[in-house]
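Examining the three-dimensional arrangement
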Number of protein chains: 2
Amino acid sequence: MGITKTQIFNDKQNQLALIFKVLANPARIAILQYISTQKACICNDIVDEIGLAQPTISQHLKELKSIDLIEGEIEGKKVCYGINLKKWKEVQDILNSFFDKTKFNCC
Amino acid sequence: MGITKTQIFNDKQNQLALIFKVLANPARIAILQYISTQKACICNDIVDEIGLAQPTISQHLKELKSIDLIEGEIEGKKVCYGINLKKWKEVQDILNSFFDKTKFNCC
DNA sequence: TTTTATTATCGTAATATTGCAATATATAAA
DNA sequence: TTTATATATTGCAATATTACGATAATAAAA
């Protein structure tokens, strides 16, 4: 019925799937890569850089923010986005744990 | 317009997004975890184990196979699924490379 | 206060995904 | 050959995602 049956899976499985889902879009990958190259603030050079409309970028930023992969700091009329390194590493650890555990049990 | 603009991104970005997309579903996570616990063959105990209809499981297996994360070996009327360990490690490396590179450049 | 610039939100169209019933296919068993 | 079992495919309904134009909200500048 078009809706994922999250009820029948455990929290870790749903959390993992959610992380993967947020990353499952090339625009969001590109945004993360671009943000990470900026020494200081970037604000919406992202729009120029990526080549998608401003509302589209804004929505992607919102999704990345939803799991705290990035943070936005308001500076006047601009917003300074940056990778949330703490969460970034945390997510990397969660994914590695999944990959390691799964391959460990493997036939 | 509901369609991801893959043309404006590079191959690596699209490849990464595709990997994440295949993993972005709790049923597929659960299937991978379950398959990895089986010493030998499992066939469609998966259906009983996961709690989704047989066609649904079959479709998820197809998507996992589409990027070679799992392999299916036909044994009589059953099919024996297993993690493709080579590809599994390859994917883990690709993801770690993404996480490491991105955090390396970070402000 | 008005204007300008930057970002967010709303509404909507196009497309994709999820899940399942019905059915097809394939192979083993009777 | 017929029957039973296991898996795959098809078609469809419900929902989610992607993208963008229009517009709102916010804050600096004039």
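This one's a predicted model, so the numbers in the text were calculated from it and none came from an experiment.

**Description of the overall build of chain A**
In terms of regular secondary structure, chain A is built from five helices and two strands. C-alpha extents for chain A along the principal axes are approximately 55 × 35 × 20 Å. Counting the 107 residues in chain A, one finds 46% classified as buried. Considering only intrachain contacts with a sequence separation of at least 6, the fraction spanning at least 24 residues in chain A is 48%. With the model as given, the accessible surface of chain A reaches about 6000 Å², and the carbon-plus-sulfur share is 51%. Across chain A, the mean location of the 14 positive side-chain charges is 5 Å away from that of the 12 negative side-chain charges.

**Observations regarding the pattern of salt bridges**
All names here are of chain A. The full count for this structure, using the stated rule, is four salt bridges over all chains. One salt bridge connects lysine 87 with glutamate 90, and the closest N-O pair in it is separated by 3.6 Å. Note that lysine 87 and glutamate 90 are positioned in helix H5 (residues 85–105) at a spacing of three residues, about one turn of the helix.

**Some remarks on the packing of aromatic side chains**
Residues and elements named next belong to chain A. Per the counting criterion, the structure on display carries nine aromatic pairs over all chains. Seen from their ring centres, phenylalanine 20 and phenylalanine 98 are 6.2 Å apart, and the 70 degrees between their planes marks the pair as edge-to-face. Of this pair, phenylalanine 20 sits in helix H1 (residues 11–23) while phenylalanine 98 is found in helix H5, placing the two residues 78 residues apart along the sequence. With respect to class, phenylalanine 20 is no different from phenylalanine 98; both count as buried.

**Focus: the interface of chain A and chain B**
Where interface size is quoted, it is often the accessible area lost as the parts come together. Listed per partner, the contact involves 42 residues of chain A and 42 residues of chain B. Of the roughly 3900 Å² buried between chain A and chain B on both sides combined, carbon and sulfur atoms contribute 71%. The largest share of the area that chain A buries against chain B comes from A:Pro26, A:Trp88 and A:Phe99, three residues that together contribute 16% of it. If you look at where chain A meets chain B, you find zero salt bridges. Run the count over chain A and chain B and you get eleven residue pairs in polar contact (both at pLDDT 80 or more). Looking at the side of chain A that touches chain B, the elements that each hand over two or more residues are H1, helix H2 (26–37) and H5 of chain A.

**Quick word on helix H1 (residues 11–23) of chain B**
Residue and element names in this part refer to chain B. Its 13 residues place the ends of H1 19 Å apart at the C-alpha level, agreeing with the 18 Å of an ideal helix rising 1.5 Å per residue. Among all positions in H1, only Gln13, Asn14, Leu16, Ala17, Ile19, Phe20, Val22 and Leu23 are buried. Sitting at the head of H1, asparagine 10 places a side-chain oxygen 3.1 Å from the backbone nitrogen of lysine 12.

**Topic: the pairing of strand S2 (residues 78–83) of chain B**
Each regular strand displays side chains that alternate between the two surfaces of the sheet. Residues and elements named next belong to chain B. Two elements, strand S1 (residues 70–75) and S2, share six bridges in a ladder whose sense is antiparallel. Directly across from isoleucine 74, in S2, lies its bridge partner valine 79. Between S1 and the antiparallel strand that follows it, S2, lie two residues; glycine 76 among them carries a positive phi value of about 70 degrees.

**Thoughts on a negative patch on the surface**
A contiguous patch of negative charge, built from A:Asp68, A:Glu71, A:Glu73 and A:Glu75, is present on the exposed surface. With respect to the helices and strands, A:Glu73 occurs in strand S1 (residues 70–75).

**Brief notes about the nonpolar core**
A:Phe20 and B:Phe20 are the most contacted members of the largest nonpolar core, which has 66 residues in total. Contact partners of A:Phe20, with chain neighbours within four places excluded, come to A:Leu95, A:Phe98, A:Phe99, B:Phe20, B:Leu23, B:Ala24, B:Ile29 and B:Leu95.

**Brief notes about the packing of helix H2 (residues 26–37) of chain B against helix H4 (residues 54–66) of chain B**
All names here are of chain B. H4 packs onto H2 with a crossing angle of 80 degrees between their chain directions and a minimal axis gap of 10 Å. In terms of orientation, H2 and H4 fall into the roughly perpendicular class. Contact with H2, carried on its side by Ala27, Arg28, Ile31, Leu32 and Ile35, involves Ile57, His60, Leu61, Glu63 and Leu64 of H4 and no other residues of that element. Class assignment for the residues of the contact of H2 with H4 results in seven nonpolar, one polar and two charged.

Definitions and cut-offs
Residues numbered from 1 in each chain as written. Chains lettered and ligands numbered in written order. Predicted model: local features only at pLDDT ≥ 70, side-chain atom pairs only at ≥ 80, totals over all residues. Heavy atoms only, no water. Helix = DSSP H or I, 4+ residues; strand = E, 2+ residues; numbered from the N terminus. Buried < 20%, exposed > 50% of the residue type's maximum accessible area, 1.4 Å probe, protein only. Contact = heavy atoms within 4.5 Å. Areas by Shrake-Rupley, 256 points an atom, 1.4 Å probe, with all protein chains shown as cover. Lys, Arg positive; Asp, Glu negative; His and termini not counted. Charge placed at Lys NZ, Arg CZ, Asp CG, Glu CD. Salt bridge = Lys/Arg side-chain N within 4 Å of Asp/Glu carboxyl O. Phe/Tyr/Trp six-rings, centres within 6.5 Å; stacked < 30°, edge-to-face > 60°. Buried area = accessible area lost by both parts, 1.4 Å probe. Polar contact = N/O pair within 3.5 Å; in protein donor to acceptor, adjacent residues only side chain to side chain. Expected span 1.5 Å × (residues − 1). Pairing = 2+ DSSP bridges. Patch = residues over 30% accessible without salt bridge, like charges linked within 9 Å, V, L, I, M, F, W, Y side chains within 5 Å. Core = buried A, V, L, I, M, F, W, Y, C linked by side-chain atoms within 4.5 Å. Axes fitted to C-alpha atoms, helices over the stretch in contact; angles between N-to-C directions. Parallel < 35°, antiparallel > 145°, perpendicular 65-115°, else oblique. Nonpolar A, V, L, I, M, F, W, Y, C, P; charged D, E, K, R; others polar.

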